[in-house]
Amino acid sequence: MSYVSDLSQSNEYLSFRSSIPLRKIVVDSDSSKAWRIFDSGPKSVHCPLICLPPVSGTADIFFMQVMGLASRGVRVIAAEPPPYWNMKEWIDGFKRLIDYLELDRVHIYGASLGGFMAQKFAELTKNCPRVASLILCNTFTDTSVFEYNDSSALFWLLPSIVLKRMLMGNFTMDKVDQRITQSIDFMVERLESLNQSELASRLTLNCTPCYIQPQQLNNIPITIMDVWDESALSSSVREDLYKSYPQAKLAHLKSGGNFPYLSRSDEVNLHLLIHLRQFDGTELSSSYLSLLKMPAQSSSQCEEGSVSYRNLKDKIVKIS
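Residues numbered from 1 in each chain as written. Predicted model: local features only at pLDDT ≥ 70, side-chain atom pairs only at ≥ 80, totals over all residues. Heavy atoms only, no water.

Visitor: Give a description of the environment of Thr-282 that names residues and reports values.
Guide: If you trace the backbone, Thr-282 turns up in the loop between helix 10 (265-276) and helix 11 (299-304). When its relative accessible area of 41% is taken as the criterion, Thr-282 is described as partly exposed. Among the polar contacts listed, one links the side chain of Thr-282 to the backbone oxygen of Phe-279, at a separation of 2.7 Å. (Helix = DSSP H or I, 4+ residues; strand = E, 2+ residues; numbered from the N terminus. Buried < 20%, exposed > 50% of the residue type's maximum accessible area, 1.4 Å probe, protein only. Polar contact = N/O pair within 3.5 Å; in protein donor to acceptor, adjacent residues only side chain to side chain.)

Visitor: Kindly report on helix 3 (residues 87-100), identifying the contributing residues and their values.
Guide: If you check helix 3, its first and last C-alpha atoms are 20 Å apart, about what 14 residues at 1.5 Å a residue would give, namely 20 Å. Every buried residue of helix 3 is accounted for by Met-87, Trp-90, Ile-91, Gly-93, Phe-94, Leu-97 and Ile-98. Projected down its long axis, helix 3 shows its buried positions confined to an angular sector of 165 degrees, all on one face. N-cap assignment for helix 3: the residue whose side-chain oxygen lies 3.2 Å from the backbone N of Lys-88 is Asn-86. Glu-102 occupies a position one or two residues after helix 3 and carries a positive phi of about 60 degrees. (Expected span 1.5 Å × (residues − 1). Arc of directions from axis to C-beta.)

Visitor: Run through a nonpolar patch on the surface, naming residues and quoting values.
Guide: A cluster of nonpolar side chains, Trp-85, Leu-154, Trp-156 and Leu-157, forms an exposed patch at the surface whose accessible area comes to about 440 Å². Summarising the element assignment, Trp-156 is placed in the loop between strand 6 (131-137) and helix 5 (160-168). Note on Trp-156: relative accessible area 53%, which makes it exposed. (Patch = residues over 30% accessible without salt bridge, like charges linked within 9 Å, V, L, I, M, F, W, Y side chains within 5 Å. Areas by Shrake-Rupley, 256 points an atom, 1.4 Å probe, with all protein chains shown as cover. Salt bridge = Lys/Arg side-chain N within 4 Å of Asp/Glu carboxyl O.)

Visitor: Outline the pairing of strand 2 (residues 35-40), listing residues and values.
Guide: Burial runs high along strand 2: 5 of the 6 residues are buried. In terms of strand pairing, strand 2 meets strand 4 (residues 76-80) through 5 bridges, oriented antiparallel. Following the sheet pairing, Arg-36 is matched in strand 4 by Glu-80. (Pairing = 2+ DSSP bridges.)

Visitor: Outline the pattern of salt bridges, supporting the account with residue identities and numerical values.
Guide: This structure, assessed with the given rule, holds 17 salt bridges. In this structure, Asp-39 and Lys-43 form a salt bridge, with 3.9 Å as the shortest nitrogen-oxygen distance. Accessibility expressed as a relative area gives 9% for Asp-39, which makes it buried. Taking relative accessible area as the criterion, Lys-43 reaches 45% and is therefore assigned partly exposed. Several salt bridges converge on common partners, so that one network encompasses Arg-17, Asp-60, Glu-189 and Arg-190.

Visitor: Break down the packing of helix 5 against helix 7 (residues 196-207) for me, citing the residues and quoting the values.
Guide: One can describe the packing of helix 5 onto helix 7 by two numbers: an axis separation of 9 Å at closest approach and a directional angle of 50 degrees. One finds that helix 5 runs oblique with respect to helix 7. Considering how the two elements wind past one another, helix 5 and helix 7 form a crossing that is left-handed. In this structure, helix 5 uses Ser-160, Leu-163, Lys-164, Met-166 and Leu-167 to contact helix 7, whose residues at the interface are Gln-196, Leu-199, Ala-200 and Leu-203. Of the residues that constitute the contact of helix 5 with helix 7, the class distribution is 6 nonpolar, 2 polar and 1 charged. (Axes fitted to C-alpha atoms, helices over the stretch in contact; angles between N-to-C directions. Parallel < 35°, antiparallel > 145°, perpendicular 65-115°, else oblique. Left-handed = near helix turned anticlockwise from the far one by under 90°. Contact = heavy atoms within 4.5 Å. Nonpolar A, V, L, I, M, F, W, Y, C, P; charged D, E, K, R; others polar.)

Visitor: I'd love a proper account of the nonpolar core, names of residues and values included.
Guide: Ranked by size, the top nonpolar core spans 93 residues in total, and within it Trp-90, Phe-94, Tyr-109, Leu-134 and Tyr-261 carry the most contacts. If we skip the residues at most four places from it in the chain, Tyr-261 touches Pro-54, Ile-61, Phe-62, Met-64, Gln-65, Tyr-109, Ala-111, Cys-137, Met-187 and Val-268. (Core = buried A, V, L, I, M, F, W, Y, C linked by side-chain atoms within 4.5 Å.)

That's the geometry; what it means functionally is another story.
As C-alpha cells, then:
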C-alpha cells in the first residue's frame, strides 16, 4: 500500500489485527460478494452491537470500539458490506448476514452512510423487528443533501481515482488537533484500499434519492451522537436529524471531526456503554456483564469530550 498512517502502525491496531480475525462471509448467490466482519466478544450474546462504516470506511475503522468494549463483555461486530447497488440489495444482504450469524436482534452503531442504512433497515423490517436500538453518528435522514444527487446513476462508470478525489474533498485538516489528523490519515489509508466497485456502489447508495420515514422508528431507542466542531455535514442536516427523532437522546462531543470513533474513542465508547446499559438484564443485552456500573471518568476525558447527554425533551442524563 502506498500510504501508511500512524494509527495503522499503533500498538492498539496491531493488537486488534493479531487477536481478532477478519472473517469473509458470503450470503448472496454471487460468491464474489462477501461481507467482511470482525466479531469480538462472547458468542453466547445474540443481540450484539454492529458497527457500520461510512462511504470511505472499512470494518477495521471501529477497532477502538471492538477492543475498548470487549473489556466490558460487549459483543461487537464491525461489518463492511460487499458492493450493493440499491437499497433492496443492501437490506436483503444485511438481513441474511444477521441470519447467518444466528442473531435475534441487533444494536447498530452507524456512521454517516452506515447510520442512514441502519435507519432504513430498521424502517423496512418494522413488521418483523431485527433492530433493538440505534446509535447514529454524524448521519442524515435524506440523501438529497448531497451535491452529486443528480448524477448518482453514473458512478459505476467513473474510475476509482475520480471517486476517491470526490471523497477526499471532505477530508479537511485545517485547524485540527493531532488525534483528528491521525484519524483522517487512517481514513485516507482505508479509502485507498477500496476498489472501484466498492466505492461506486457506496456512493450510489449515498446519493440515490431516498429518505427515511422517522415515524416508523418511534418505538426504537435512539441515541444521536455528533460533534460540535467542523464536520462534513452542515448544521441544517444535523437539525433535521434532531427534529426527525424528538424522543432521541443526544450525545454531544465538543470536538472529534468526521471520525470521532477514531479521534475521540474513549468518549464514543463511554456513550455507547451508556446507551447499551438500558438493556442490562434483558434478552436485548449486548453483554454478559452488567454495564450499570460505569468506570470513573477522568478529568482529562471530561475536558476533551462529552459535554452533554440529554434527550430532546430536556431530560438531563448525568454521566458521572
